[in-house]
Amino acid sequence: MAQSVVVDDPPGRAPGRLKVYLGSAPGVGKTYRMLDEGRRRAARGTDVVVALAECHGRPRTLEMLHGLEALPTTRRPHQGAEHAELDVAAVLARRPAVALVDELARTNVPGGRNAERWHDVAELLAAGIDVVTAVNIQHLESLNDVVREITGVAEPETVPDAMVRGADQIELVDIPPEGLRRRLAHGNVCAPGGIDAALAHRFRVGNLTALRELALLWLAGRVDEALQRYRSEHGIGRVWETRERVVVALTGGPEGETLIRRAVRIADRATGGGAPGAGRGCDVLAVHVVRGESGPTGVPPGALAEQRQLVESLGGSYHTVVGDHVPTALLDFARAENATQLVVGVSRRGRPALLATGQGVGETVVERSGDIDVHMVGHERAGRGRLLPALRSDLPFVRKAAGPVAGLVLPALLTVLLAHTRGHLNLTSQALLFLLTVVGVACLGGVVSALLASVTASLLLNYWFIPPVGRFTINDTDNALATVVFAVVAVTVAAVVDRSLRLSRRAARATAEAETLSSLAGDVLRGDQAVPLLLERTREVFGMDSAELTGAEGPPAGEGPPPVTVPIGADARLVLRGRGLAASERRVLTAFAAYLTAAVDHARLAEAAAEIEPVRAADRMRTALLAAVSHDLRTPLASGWAAVSSLRSSDVDFSAEDREELLATADESMARLSRLVDNLLDMSRLQAGALTLRPVPTALCEVLPLALDSLPEDRAPVLAPELERAPDVLADAPLLERVLANLVANAVRYAPAGKPVLVTAGSLADRVELRVADRGPGLPQDARERVFEAFQRLGDTDNSTGLGLGLALSRGLAEAMGGTLVPEDTPGGGLTMVLSLPAAPAPERTAA
């Protein structure tokens, strides 16, 4: 039985709704399930048509077509065979409610309406037609390199993940590897002749297991996105333990590696031994809180970068969020990501610092965690930090209360201590000790507490230590001046300390913003998916429930707190839903909006450029063609016309030799004109995808003489030693003759006098390489690709020698036959053109 997982999206995303049957491997039954879906809908009265179904001759799948209306397909020739193509025009003319379209990732034959079948499906959806389709997991663009590593085969046909991910429904069609191998062995997947090879290579148990896991994990991510969207839309803040997610808080300190490895071990136990990053039911998310107004972070340069590299090497992901209160930012991030466990380190600060600032980040997180499990992890740096805590602008309640108390109590305690040591210190030393106390209170409670401590210290110093002792009077003018100076210095020091705190906060804010924006620029502003990645990163950094782009009219009204909106250009807005943002966070959000504006503009420009490029390419081709035809075709026409006109003239009596020479000139001109026209036609067919190929086993030794016959007699000699021993190639013989004629003609043209052109061939794996070498001037590296552009004649001064299509046409024909054409240096000087073609299969031996 096929295992199915269904994901439903809210309606209204597109005029037509898309349902995708996602196969874990070929042969699991996705086409059967697609047709079965069509039969069920038709039975309910829905207008369903089969626009295209690839049944591959499987009897049970073919039976599912009975009772369904099948629209005619378009038959297009390509590489010697005819292929069935989706007839988009027929579907649009029929306008059914539902169209069944198989093989979403298939590449259409060149020259059709669209380049890819998923383009056809997008056109049907845009027309309001619902589409049910099927695709295998190995055809998703993001997994192409992974599949190549697993199976050893690069899938040439892919479909963008966004096309499948944006489907209204995705249903996974999956069977165990052993069951699929049995289905293959019974002949229900491929032709009997290919069963053994398939079982030994692509359908190995390991390959099928890996593809199955890829499909499950990819769909699990899609399900998780739908769940997060549902939680956001319904305002669900509590954790749903649908899967284990471990968040580890990083500060950039030396304990970071310990915390990361502990989080990975926790995730490892949660997954039963599987690596968390592999997606086996658990994720590890490392998060660093960039504190906006909370002062310097004290993070060593490069420490966070090293910890990020460690997290990603262990299969986790790294995230940065902005928040002035670290515990709140951590818990908001954990809840937004639906995390189940949170790993934090024991504070590095010692007990005196904790007594001064109150409970640390870990204790606050534990107190407010709710349904998230918190792991407080000890480490070798715990309790070994600085005696004094880092200064912060938003003082905790403990410091706000302790500052004024210290401003009253500490001068009094110092007075008691100095009273017991009276006679050992002079008045200057006693005043300096009081001044030091005032500075300490300023560091603890700010300028207000420092002013209170300054007044208290001045009064105590006056009463207990300045003569006359025991009275608030001062007899000596010097002592009075010292008291005034003491008060002024105390207040000045307190003000300087407070100002330094404000400046440090500003520097910290600038550093935090620069760090966040630098990380943003390095992480998301690259590739073709910059806009969605930037939206997700914005949501994550600011701890919001959702981030989206809307029209200029702004977001629709809804429940919950009002959204945060920022203009993006003239016709769009960035809308964040979740919590309110402080003014400091809004400044960073403005910078994010600037990045997003640039990304949106870049996406629009890229889309416009993509639409314009085919037109520009066609225009360049037409311009080059007209420029070449205007001169190069005129020469043979003029020569042939002059020769024929002379022969027809009755004014001159030509001798037999002259008549023969004129006929030869006319014949040569017409032959040259015919070759030019053939090259032009073949190039136009190649570009239009209309060139018909008939590949058959072909002997090189039989094709080369035919190619040489089309060359002039006075050419340089061409040597082909032992070419008859070369293996046969799988090619279209007439087209191969054209390729060889162009290659040899090019080599002969540049070969020095007395230097023959050498043609050799040899086998390499399952291919045959034919090499055409000359001893001419060769080609510089930067010109080796330009010679294959149409109408290029590098180094030519004589524009009457051809259209410059020879090498361009040769490469096009070689690639059409499944081969390649590349230039190499000839040992000792010159250029070698290497033509690689598939080797012809060995003939089967029959028993005697």
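Structure report, in brief. Everything numeric here is computed off the predicted structure, so don't read it as measured data.

1. Things to note about helix α7 (residues 177–185)
At step 1: Residues of α7 that are buried include every one of Pro177, Gly179, Leu180 and Leu184, and no others. Each buried residue of α7 lies within a common arc of 160° when the element is viewed along its axis, so the set occupies one face.

2. A closer look at the sheet that holds strand β24 (residues 831–838)
At step 1: Ordered in space as β19-β21-β22-β24-β23, the five strands form an open sheet in which the pairing is mixed. Sheet topology places β19 (718–719) and β23 (820–825) at the edges, where each strand pairs with a single neighbour.
At step 2: Relative to β24, strand β22 (residues 767–773) is paired through seven bridges, and the arrangement is antiparallel. Residue pairing for β24: Glu769 is matched across the bridge by Ser836.
At step 3: Sheet strands in contact with helix α24 (residues 733–750) are β19, β21 (757–764), β22, β23 and β24, and its direction is about 170° off that of β24.

3. Here we look at a nonpolar patch on the surface
At step 1: On the surface, Val405, Leu408, Val409, Leu410, Leu413 and Leu452 cluster together to form a nonpolar patch covering roughly 480 Å² of accessible area.
At step 2: If you tally residues by element for the nonpolar patch, the top one is helix α15 (residues 397–420), at five residues.
At step 3: Its place among the elements puts Val409 in helix α15.
At step 4: The class of Val409 is partly exposed, set by a relative accessible area of 38%.

4. Some points on the environment of Gly57
At step 1: Looking at where Gly57 falls in the secondary structure, it is placed in the loop between β3 (48–52) and α2 (59–63).
At step 2: By relative accessible area, Gly57 is classed as exposed at 55%.
At step 3: Sequence-wise, Gly57 and Val189 are 132 residues apart; in three dimensions their C-alpha atoms are separated by 9.0 Å.

What counts and how
- Residues numbered from 1 in each chain as written.
- Predicted model: local features only at pLDDT ≥ 70, side-chain atom pairs only at ≥ 80, totals over all residues.
- Heavy atoms only, no water.
- Buried < 20%, exposed > 50% of the residue type's maximum accessible area, 1.4 Å probe, protein only.
- Helix = DSSP H or I, 4+ residues; strand = E, 2+ residues; numbered from the N terminus.
- Arc of directions from axis to C-beta.
- Pairing = 2+ DSSP bridges.
- Contact = heavy atoms within 4.5 Å.
- Axes fitted to C-alpha atoms, helices over the stretch in contact; angles between N-to-C directions.
- Patch = residues over 30% accessible without salt bridge, like charges linked within 9 Å, V, L, I, M, F, W, Y side chains within 5 Å.
- Areas by Shrake-Rupley, 256 points an atom, 1.4 Å probe, with all protein chains shown as cover.
- Salt bridge = Lys/Arg side-chain N within 4 Å of Asp/Glu carboxyl O.

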